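The lines below spell out each chain.
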Amino acid sequence: LAKTTQPISMDSYEGQEVNITCSHNNIATNDYITWYQQFPSQGPRFIIQGYKTKVTNEVASLFIPADRKSSTLSLPRVSLSDTAVYYCLVGFTGGGNKLTFGTGTQLKVEL
Amino acid sequence: DTGVSQDPRHKITKRGQNVTFRCDPISEHNRLYWYRQTLGQGPEFLTYFQNEAQLEKSRLLSDRFSAERPKGSFSTLEIQRTEQGDSAMYLCASRPTGSETQYFGPGTRLLVL
């Protein structure tokens, strides 16, 4: 599975937009990009998934440039409750679809 | 609540003892996964079931670890002769056919003394 690189931590304030970028230089043709969120002492929670261009849901947007070597998770108007670890995963979703997590980005939102 | 459930949520045991964890996936999810997570790290894949068949095991899953899903519904993960290095959060996830999303349970936190 393609290795991902993302910032270890980010700080923000309530109401701001947060963009977390993930690098995945050796992404394969059939790989998808998926983001999960994890709160302390809880299992990860699916946020969004995309293959190319832009994907938006009620929680976030995912921007993927044409070369797909990076992606950006955008969280609009964050609140304190968005403080969590965010994981970027890249992989083929067929077959077993085991997930390979990195160390993630610890997002801290303050007042 | 129809999410993935895990039991127990916490387990403290002494080195050398056996422990067993249970995972109840979301109903009708035919794929079930076990992961292990240590402090400050992301979850690591351990094993995967499609219905009752165990289709893949990580090299992390030593001979002391065994997982079953006898009827294709709930699953158990057993660790024999626990070691202090087994202390971690053990996460279970399930996924339905045709979906790419894995739904995680709350995890079982194991502490081996």
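Residues numbered from 1 in each chain as written. Chains lettered and ligands numbered in written order. Predicted model: local features only at pLDDT ≥ 70, side-chain atom pairs only at ≥ 80, totals over all residues. Heavy atoms only, no water.

Draft legend 1. Up close: unusual backbone geometry. Of the consecutive residues Asp 7 of chain B and Pro 8 of chain B, the connecting peptide bond is found in the cis state with omega at -5°. Residue placement: Pro 8 of chain B occurs in the loop between strand 1 (5-7) and strand 2 (10-13). Positive phi outside glycine occurs at Thr 53 of chain A, with the angle close to 60°. In this fold, Thr 53 of chain A is placed in strand 5 (residues 53-56). Within the chain, Arg 68 of chain A stands out as a residue other than glycine whose phi angle is a positive 60°. (Helix = DSSP H or I, 4+ residues; strand = E, 2+ residues; numbered from the N terminus.)

Draft legend 2. The arrangement of the environment of Ser 27 of chain B in detail. For Ser 27 of chain B, the position within the fold is in the loop between strand 3 (19-24) and strand 4 (31-37). Residues Ser 27 of chain B and Gly 3 of chain B lie 24 residues apart in sequence; the distance between their C-alpha atoms is 8.6 Å.

Draft legend 3. Just the nonpolar core, in detail. Counting residues in hydrophobic clusters, the biggest one holds 20 residues, and the most contacted among them are Ile 33, Trp 35, Ile 47, Leu 73, Leu 75 and Tyr 86 of chain A. For this core, the secondary-structure elements that each account for two or more residues are strand 2 (18-23), strand 3 (31-38), strand 4 (45-50), strand 6 (61-64), strand 7 (70-75), strand 8 (84-92) and strand 9 (105-110) of chain A. Apart from the residues lying within four places of it in its own chain, the contact partners of Leu 75 of chain A are Gln 16, Glu 17, Val 18, Val 59, Ala 60, Tyr 86 and Leu 107 of chain A. Counting 19 residues, the second largest nonpolar core, distinct from the first, contains Ala 67, Leu 77, Cys 92 and Val 112 of chain B. (Core = buried A, V, L, I, M, F, W, Y, C linked by side-chain atoms within 4.5 Å. Buried < 20%, exposed > 50% of the residue type's maximum accessible area, 1.4 Å probe, protein only. Contact = heavy atoms within 4.5 Å.)

Draft legend 4. View of the sheet that holds strand 2 of chain A. All names here are of chain A. On the basis of which strands lie adjacent, the open sheet formed by four strands has the order 2-7-6-5 and antiparallel pairing. Edge positions in the sheet fall to strand 2 and strand 5, since each of these pairs with one other strand and no more. For this sheet the average axis-to-axis angle between neighbouring strands, irrespective of direction, equals 15°. Bridging between strand 2 and strand 7 involves six bridges; their strand directions are antiparallel. (Pairing = 2+ DSSP bridges. Axes fitted to C-alpha atoms, helices over the stretch in contact; angles between N-to-C directions.)

Spatial relationships are all this shows, so hold off on functional conclusions.
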